[in-house]
Amino acid sequence: MNLPDLPVTAVLPDILVSLADDPNLVLVAPPGAGKTTLVPLALLDAPWREGRKIIMLEPRRMAARGAAARMAHLLGENVGERVGYRVRFDTKVSKSTVIEVVTEGVFTRMLASDPALDDVACVLFDEFHERSLDGDLALALALDLQAGLREDLRLMAMSATLDGAAVAGLMKAQVLESEGRTFPVEITYREPAPRQSFEGHLTDVVIEALATHAGDILVFLPGQREIEQAARVLESRKLGQRVFIHRLYGALSFKQQQAALKPSAEGARKIVLASAIAETSLTIEGVTLVIDSGLARKPLFEPSTGLSRLQTTKASKAAITQRAGRAGRLAPGTAMRLWREPQTAALPAFDTPEILNADLTGLVLDLAHWGVLDGGKLHWLDRPPAPAVQEARQLLARLNALELNPNGTAKALTSHGRAMANFPLHPRLAHMLLKANDLGMPHRAALLALLAQERGRGVDLTRRADAAQRGRGLTHADNALPKQVDRLLRHVPKAHEHDQDLADGTLLGFAYPDRIARRSGKTKDHMMRYKLANGRAADLPEDDELAGEEFLTVVDMMGKAGRARITAAAALPKAELEAHFSDQMEERITSRFVLAEKRLECVLATQLGELTLSKPRPVPVTDEAALEALDGALEKHGLALLPWQEADRRLRGRLALLHARLGEPWPAMEDEALLEARALWLHPFMVGATSFAPLAKGDLSHGLMMLAAHTTSREIDALLPSHFCAPSGSRLPLDYGDAAAAAHPDFAPVLRARPQELFGLDKHPTVLNGKLPLAVELLSPAGRPIQITRDLPGFWRGSWSDVRADLRGRYLKHPWPEDPLTAPPAARAKPRGT
């Protein structure tokens with residue numbers, strides 16, 4: 001076999017030697033080195049292959065098809081002969097196929113149907129640096145298979161920008177590095193003008209590039225929306241008759257993608273507007289100039305809404321390096337970056353692995369289907385976050401796919417869950433399809449499942465589905481749906497159609513029961529607000545065709561929780577809601593604390609999650625409901641709702657100071673600490689109460705003393721007395737402030753007294769066994785502050801003379817001696833006439 005001489009050619013013998021001795025290997029090779037094309041072909045003659053297949057994983061469908069096509073071309077064959085591919089809804093393999101290029105998600109389903117991979121000799125993980133969720137799962141399962149059943153299975157991770165040492169440590173493998181062969185790329189920066197729009201800035205740079213550079217132009221944009229916007233703007237400009245604009249993103253047809261990759265005709269130039277799909281694996285011939293927006297679009301899962309939303313973020317340094325390299329694959333090139341050069345230093349080094357912020361429902365289902373109920377036992381570069389795993393388990397249990405133990409851990413995969421795992425769909429949609437098949441509507445459900453995964457024009461999924469069935473979809477992607485539906489239905493056991501005619505919102509409700517929504521009213525900005533069963537709210541423009549519907553099933557939203565806008569939904573008739581979701585409804589007593597009236601309200605209504613379906617009717621308040629409602633009010637509004645009396649406040653201040661100065665076992669008294677411990681000190685006094693008012697009878701002080709655990713008032717008084725016994729005989733209260741003040745290191749309790757009460761006192765008052773001086777606030781006979789001191793003897797000998805001179809003429813009935821240390825203390829003014 002005559003293979004082209006590319007940079008990776010030099011290490012092909014080392015690869016063969018390494019895999020002969022050791023089953024695992026990591027290859028780090030720059031873009032353009034030829035690893036994707038040459039490595040699988042070089043392994044065909046390896047003795048250990050023994051006629052078995054080589055599987056190469058690619059993160060994207062377009063890269064999988066392209067890699068298979070290039071290898072087949074080098075062999076002088078058509079795709080589907082010795083080299084074929086498997087991607088979602090598209091397969092080209094035959095009995096003679098020995099190299100299969102598959103997407104990572106397809107590989108996990110291959111494992112499910114053939115857990116031992118008996119006819120596979122080697123699995124290559126190409127572009128592993130992208131760290132997709134499916135890629136991480138595929139490697140974890142492959143390592144588990146290798147350790148348990150297939151010691152002879154070869155595994156090889158290949159990447160351009162990879163932390164080779166970390167991956168090698170996980171795989172217990174050697175690292176080989178290949179030289180690259182890229183041409184020099186000049187990096188330039190084009191900062192936008194003040195207040196210039198993104199489209200305007202991009203257009204100016206493209207026009208400049210056409211005038212100053214030869215060759216084709218590759219423009220990196222975050223996603224489909226920006227690509228289409230940029231295309232419209234550029235197409236409206238006179239760029240020249242021989243300048244052609246191509247789009248390149250995942251939702252396009254294979255034919256459209258191939259048109260963007262083909263070389264330009266002689267004398268013509270092309271501008272390819274691409275998503276991150278063009279960063280790796282693809283060589284676009286003729287490109288010598290890259291224009292980089294510096295932006296990327298990444299999925300971000302929000303457990304609070306149960307939605308994965310695409311978030312536009314700054315691209316990583318690794319990504320912009322990859323992008324710039326596309327300009328130097330075949331000749332010297334230039335990369336223009338649409339930002340200021342100093343901003344590059346602030347970019348993250350690498351993209352965050354998808355497993356750390358993705359919806360893990362599919363991963364947990366795949367693991368259970370593989371036979372692993374506790375994914376933590378597998379080998380991961382980054383372990384799946386425990387909260388996301390638990391969220392996934394709860395959803396799978398709700399979809400009847402997984403049985404859980406009382407502690408929330410996975411117990412067993414159900415037969416329904418096993419059937420769900422066979423679909424190339426999110427588990428929600430797989431559940432919907434199986435449920436719809438039982439009801440005789442698999443075809444419509446399959447169409448909706450495909451539409452639910454693609455963003456399209458318009459909110460109403462019914463409208464899009466009807467258009468696709470007529471063969472005149474609202475988007476190019478819609479027109480390809482009928483063939484994909486047929487392929488999807490092959491996974492449905494005994495698919496059959498009945499005469500049922502359920503609404504699309506009902507079918508989608510099987511997938512998204514937590515997003516069944518009810519109209520709740522209008523907002524000030526002309527939006528119709530809907531409340532979802534998961535408790536969230538989302539808006540729809542009041543002029544949208546769905547805004548007149550009382551019930552919807554919401555499939556997708558944009559924006560953060562609280563300000564979300566519905567972008568995909570279908571109407572759900574009330575009669576079908578009641579007929580098909582009654583098992584999820586319950587008669588529930590709901591109690592709430594009416595803040596304005598400071599009273600409890602208790603009602604009974606039919607609920608679907610947090611969605612109220614019937615008119616609430618008042619019912620008597622039970623002790624349990626009252627405690628729950630009062631406790632909820634405290635959690636929402638804080639401890640200010642409690643009827644604190646002065647004695648309660650003083651005790652709390654003293655305990656707070658003891659905690660601040662002495663630590664444990666004295667309890668913390670800040671709001672946050674008391675709220676967290678309220679079940680210990682507050683709940684016992686709330687049983688049977690329907691308001692907070694009864695707590696005003698001293699219960700709050702009793703509760704705080706319970707937190708102090710076995711401490712008596714006498715012990716507290718010994719350290720922090722509530723009063724100070726003045727020389728005059730008066731018992732003057734000490735002010736210990738609030739919990740927040742007590743935590744400050746300079747805080748001191750305050751003693752407020754008229755100077756006459758303290759005459760003769762030559763030692764400053766203290767607490768905490770003499771360790772903490774009081775802040776003595778001296779008051780005029782009228783009760784106004786005249787001096788604050790923490791050195792009373794020093795005050796007598798110093799500032800007293802000034803205070804005496806200022807006040808003796810105004811308060812004649814009060815003694816103002818020259819020497820207060822020898823004067824008798826007095827609690828009252830002189831009697832009249834003396």
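Residues numbered from 1 in each chain as written. Predicted model: local features only at pLDDT ≥ 70, side-chain atom pairs only at ≥ 80, totals over all residues. Heavy atoms only, no water.

K.L.:
Where do I start with the packing of helix α15 (residues 442-452) against helix α18 (residues 481-489) in this structure?
P.N.:
What describes two packed helices is the angle between their axes and the distance between those same axes. Running from N to C, α15 and α18 cross one another at 115°; their axes reach a closest spacing of 9 Å. For α15 against α18, the interelement crossing comes out right-handed. Along the contact surface, α15 presents Pro 442, His 443, Ala 446, Leu 447, Leu 450 and Leu 451, while α18 presents Leu 481, Gln 484, Val 485, Leu 488 and Leu 489. Broken down by class, the residue content of the contact of α15 with α18 amounts to 9 nonpolar, 2 polar and no charged. (Axes fitted to C-alpha atoms, helices over the stretch in contact; angles between N-to-C directions. Helix = DSSP H or I, 4+ residues; strand = E, 2+ residues; numbered from the N terminus. Left-handed = near helix turned anticlockwise from the far one by under 90°. Contact = heavy atoms within 4.5 Å. Nonpolar A, V, L, I, M, F, W, Y, C, P; charged D, E, K, R; others polar.)

K.L.:
I tried to follow unusual backbone geometry on my own but got confused; where do I start?
P.N.:
For residues besides glycine, phi is generally negative; the peptide bonds are generally trans as well. Cis geometry marks the peptide bond from Glu 664 to Pro 665, where omega comes out at 10°. Checked against the element boundaries, Pro 665 lands in the loop between α22 (646-662) and α23 (671-676). Despite not being glycine, Asn 769 shows a phi value in the positive range, around 55°. Relative to the helices and strands, Asn 769 resides in the loop between β31 (766-767) and β32 (772-773).

K.L.:
Even after reading the chapter, I still don't get the side chain of Asp 359, so can you show me in this structure?
P.N.:
Along the chain, the position of Asp 359 falls in the loop between β16 (333-337) and α11 (361-370). Within the buried core, Asp 359 has no salt-bridge partner, and the shortest N-O distance to an opposite charge, that of Arg 428, equals 5.5 Å. Within the structure, the side chain of Asp 359 is placed 2.6 Å from the side chain of Thr 361, a separation counted as a polar contact. Those residues in contact with Asp 359, other than ones at most four positions away along the chain, are Leu 133, Phe 301, Ser 308 and His 426. (Buried < 20%, exposed > 50% of the residue type's maximum accessible area, 1.4 Å probe, protein only. Lys, Arg positive; Asp, Glu negative; His and termini not counted. Salt bridge = Lys/Arg side-chain N within 4 Å of Asp/Glu carboxyl O. Polar contact = N/O pair within 3.5 Å; in protein donor to acceptor, adjacent residues only side chain to side chain.)

K.L.:
Please explain the pairing of strand β3 (residues 83-87) as it appears in this structure.
P.N.:
The side chains of a regular strand alternate between both faces of the sheet. Burial analysis of β3 places 4 of its 5 residues in the buried class, the great majority of the element. Note that β3 and strand β5 (residues 99-103) share 4 bridges and pair parallel. Within β5, the residue paired with Gly 84 across the bridge is Glu 100. Taking the residues that link successive antiparallel strands as the turn, the β3-strand β4 (residues 90-92) hairpin has 2 residues, and the phi of Phe 89 there is positive, at about 70°. (Pairing = 2+ DSSP bridges.)

K.L.:
Where do I start with the packing of α11 against helix α12 (residues 386-398) in this structure?
P.N.:
Following both chains from N to C, one finds α11 and α12 inclined at 75°, their axes separated by 8 Å at the closest point. Classified by the angle their axes make, α11 and α12 are roughly perpendicular. In contact with Thr 361, Val 364 and Leu 365 of α11, α12 contributes Val 389, Ala 392, Arg 393, Leu 395 and Leu 396. Per-class residue counts for the contact of α11 with α12 are 6 nonpolar, 1 polar and 1 charged. (Parallel < 35°, antiparallel > 145°, perpendicular 65-115°, else oblique.)

K.L.:
I keep staring at the sheet that holds strand β28 (residues 723-725) and nothing clicks. Help me out?
P.N.:
Think of a sheet as strands paired side by side through backbone hydrogen bonds, with each pair either parallel or antiparallel. The strand order across the open sheet built from 5 strands is β28-β29-β30-β33-β34, with neighbouring strands paired in mixed fashion. The strands lining the two open edges of the sheet, one partner per strand, are β28 and β34 (785-789). Averaged over all neighbouring strand pairs, the angle between strand axes comes to 30°, with direction disregarded. The pairing of strand β30 (residues 750-753) with strand β33 (residues 775-779) spans 4 bridges and is parallel. Note that in β33 the partner of Ala 753 across the bridge is Leu 778.

K.L.:
Would you explain the nonpolar core in this entry?
P.N.:
Looking at soluble globular proteins, one finds that nonpolar side chains tend to be buried together. Phe 107, Val 123, Phe 125, Met 171, Met 432 and Leu 577 are the most contacted members of the largest nonpolar core, which has 101 residues in total. The biggest single contributor to this core is helix α5 (residues 133-148), with 9 residues. In contact with Leu 577, not counting residues within four places along its chain, are Ile 516, Phe 551, Leu 572, Ser 582, Met 585, Leu 608 and Leu 613. (Core = buried A, V, L, I, M, F, W, Y, C linked by side-chain atoms within 4.5 Å.)

K.L.:
Looking at this model, I keep getting lost on the environment of Thr 283. Mind explaining?
P.N.:
Relative to the elements of secondary structure, Thr 283 occurs in the loop between β12 (269-274) and β13 (287-292). Owing to a relative accessible area of 33%, Thr 283 belongs among the partly exposed residues under this scheme. Separated by 13 residues in sequence, Thr 283 and Lys 270 have C-alpha atoms that sit 14 Å apart.

K.L.:
Any chance you could explain the packing of aromatic side chains here in plain terms?
P.N.:
Geometrically, a pair of aromatic rings is defined through the distance of the ring centres and the angle of the planes. Summed over the entire model, instances satisfying the criterion amount to 10 aromatic pairs. Taking the centre distance of 5.8 Å and the plane angle of 80° together, the rings of Phe 759 and Trp 800 count as edge-to-face. Taken together, the residues span a long stretch of sequence, with Phe 759 in the loop between β30 and β31 and Trp 800 in helix α30 (residues 800-807) at a distance of 41 residues. For Trp 800, a relative accessible area of 1% gives the class buried. Members of the aromatic cluster, each reached through a chain of ring pairs, are Phe 759, Phe 795, Trp 796, Trp 800 and Trp 816. The ring centre of Phe 510 lies 5.6 Å from the NZ or CZ of Lys 435, which sits over that ring. (Phe/Tyr/Trp six-rings, centres within 6.5 Å; stacked < 30°, edge-to-face > 60°. Lys NZ or Arg CZ within 6 Å of the ring centre and 35° of its normal.)

K.L.:
It is not clear to me how helix α19 (residues 504-511) should be interpreted in this structure. Could you clarify?
P.N.:
Structurally, the α-helix is built with 3.6 residues per turn, so residues lying three or four positions apart point the same way. For α19, the tally of buried residues reaches 8 of 8 residues, placing the bulk of the element in the interior. For α19, the set of buried residues is Asp 504, Gly 505, Thr 506, Leu 507, Leu 508, Gly 509, Phe 510 and Ala 511.

K.L.:
Just checking my understanding: could you explain the pattern of salt bridges for this structure?
P.N.:
Between side chains of opposite charge, pairing is possible as soon as their charged atoms come close. Here the structure, examined in full by the defined rule, presents 37 salt bridges. Arg 52 is the salt-bridge partner of Asp 152, the closest N and O atoms lying 2.7 Å from each other. Remark: Arg 52 occurs in the loop between α2 (35-42) and β2 (53-58) and Asp 152 occurs in the loop between α5 and β7 (154-159); sequence separation between them is 100 residues. Look at Asp 152 and you get partly exposed, because its relative accessible area is 30%. When the shortest N-O distance is used, the salt bridge between Arg 225 and Glu 226 registers 3.1 Å. Connected via shared salt-bridge partners are Glu 50, Arg 52, Arg 150 and Asp 152.

K.L.:
Quick question: what am I supposed to make of the sheet that holds β12 here?
P.N.:
If you trace the 6 strands from one edge of the open sheet to the other, you get β9-β16-β13-β10-β12-β11, paired in parallel fashion. Since the sheet does not close on itself, it has two edges, and those belong to β9 (185-189) and β11 (243-248), each with one partner. Mean inter-strand twist for the sheet, computed between neighbouring axes without regard to direction, equals 20°. With 6 bridges joining them, β11 and β12 adopt parallel strand pairing. Residue pairing across strands places Phe 244 opposite Lys 270, the latter belonging to β12. The strands touched by helix α8 (residues 224-235) within the sheet are β11 and β12, with β11 carrying the most contacts at an inclination of about 170°.

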